[in-house]
Amino acid sequence: MVSEFPTLEELGTGGKRLLSRVLTRLETHARDAETAEFLDRVCTAKGGCVLGLTGPPGVGKSSLTDALIKTCRAEEKRVAVLAVDPSSSVTGGALLGDRTRLKTDPTDEAVFVRSMAARNRLGGLSDHSVAAIAVLRAVYDQVIVETVGIGQSEGDLRQVADTVVLCIQPGSGDSLQFMKAGIMELPDVVAVTKADMGALARRAASDVSGALSLGAVSRSSWNVPVVEVSSQTGSGVADLVASADAHFDTLVEKGLDETRQKQHVSWFKDMVRTEFGLAGLDMAERKGGEDWLLLARRRPFSSFHSFASLIRQRLF
Ligand SMILES: Nc1nc2c(ncn2[C@@H]2O[C@H](COP(=O)(O)OP(=O)(O)OP(=O)(O)O)[C@@H](O)[C@H]2O)c(=O)[nH]1
Ligand SMILES: [Mg+2]
């Protein structure tokens, strides 16, 4: 059978039209075995790094994304943006246009922007966005994923992002929220946005830094940097990029393969949980039969496909 999906090489040279077609096909044929094979091929390709930007509505994520795109282009990096819209299942996508109002040049093949609804999970990423990120990661040097949320969404974002940046708005109480959330999973970098607001931004940054130092954070050897950044004036953008790069470097040092394989296992588990609930997850994790979690490290999508077929056979 001739594959409906391009090879990695074709994907790399096919431009934005081909990429858009592939992403659409992933949404319409999400459950095909062929889709799973394709996704496993792309997700294990050596590709670029994925930066997750999260924070409350209006904190300045898109403006920051815009600034980061410019930085990437100045460094001749190819960059893709995925804006995940949690509200579009309710508003029918009314906000999507707003989300993607990035000032990018449509003829620049090295900048790709796509919006997606956050379907089927509360405030989280849909299977479609996970698949899209796997594809974009294979083709672009830098992938930026923008999601709305504070506190609860970082964990979800970590499943796809190598580096998670939490954006905090000066004078909003976000930093308080952050301190209360102390026990939750931490971002890799905190960006206090709108640094042009002066004293308020400095205050928020020192609150967050204080919270971080109090929290007895010994999660790893990585100290979460707090960067004040203004997309309006451009101040701090280079610092943010440097911090994110430094974090990515630590992953590379530790072995990026391991990070990615852990991500793949969490994708697999999430697909199982979404489709078959905790009982399904329990079956997948059960020792004795097929070691699904081991298979999922390198082939998360086809492992899920096989697992799902098996479960359905037993159920019906
Ligand atoms: N003063 C100042 N305002 C900013 C800055 N960055 C963004 N804004 C303003 O903040 C508002 C929200 O910016 P967005 O970039 O759309 O924020 P967002 O986090 O993407 O918002 P959602 O996608 O709706 O969650 C806009 O009115 C921006 O003009 C900044 O660096 N300084
Ligand atoms: Mg936005």
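Residues numbered from 1 in each chain as written. Chains lettered and ligands numbered in written order. Predicted model: local features only at pLDDT ≥ 70, side-chain atom pairs only at ≥ 80, totals over all residues. Heavy atoms only, no water.

1. Digging into the coordination of the magnesium ion (ligand 2)
Protein coordination at the magnesium ion (ligand 2): the donors are Ser62 (OG) and Glu146 (OE), at 2.0 to 2.2 Å from the metal. Residue Ser62 is located in helix α4 (residues 61–74), and its partner Glu146 is located in strand β4 (residues 142–148); the two are separated by 84 residues in the primary sequence. Looking at Glu146, the relative accessible area reads 3%, which means it is buried. (Donors = N, O, S within 2.8 Å, 3.2 Å for Na, K, Ca; no water. Helix = DSSP H or I, 4+ residues; strand = E, 2+ residues; numbered from the N terminus. Buried < 20%, exposed > 50% of the residue type's maximum accessible area, 1.4 Å probe, protein only.)

2. A short note on the sheet that holds β4
Spatial ordering of the open sheet is given by β3-β2-β4-β1-β5-β6-β7, a layout of 7 strands whose pairing is parallel. With partners counted over all chains shown, the strands left at the sheet margins are β3 (111–117) and β7 (226–228), one partner each. Strand after strand, the sheet turns through a mean of 20° between neighbouring axes, direction not considered. Sheet analysis places strand β1 (residues 49–55) next to strand β5 (residues 163–168), joined by 4 bridges and oriented parallel. What sits directly across from Leu51, in β5, is Thr163. (Pairing = 2+ DSSP bridges. Axes fitted to C-alpha atoms, helices over the stretch in contact; angles between N-to-C directions.)

3. Overview of the packing of α4 against helix α11 (residues 237–254)
It is the contact of α4 with α11, at a shortest axis distance of 10 Å, that shows an interaxial angle of 75°. It follows from the interaxial angle that α4 and α11 lie roughly perpendicular. Taking contact as the criterion, the partners of Leu64, Ala67, Leu68 and Thr71 in α4 are, on α11, Val237, Leu240 and Val241. Of the residues contributing to the contact of α4 with α11, the split by class is 6 nonpolar, 1 polar and no charged. (Parallel < 35°, antiparallel > 145°, perpendicular 65-115°, else oblique. Contact = heavy atoms within 4.5 Å. Nonpolar A, V, L, I, M, F, W, Y, C, P; charged D, E, K, R; others polar.)

4. Points about the pattern of salt bridges
Counted according to the given criterion, the structure contains 15 salt bridges. A salt bridge links Glu75 to Lys77; the nearest nitrogen and oxygen atoms lie 3.2 Å apart. Exposure remark for Glu75: the relative accessible area of 41% places this residue in the partly exposed category. Classification of Lys77 by relative accessible area gives partly exposed; the value is 23%. Among the ionic pairs, Arg297 bridges to Glu258, the shortest N-O distance being 2.7 Å. Of this pair, Arg297 sits in helix α13 (residues 292–298) while Glu258 is found in helix α12 (residues 256–285), placing the two residues 39 residues apart along the sequence. Residue classification places Arg297 among the partly exposed positions, given a relative accessible area of 22%. Accessibility expressed as a relative area gives 35% for Glu258, which makes it partly exposed. (Salt bridge = Lys/Arg side-chain N within 4 Å of Asp/Glu carboxyl O.)

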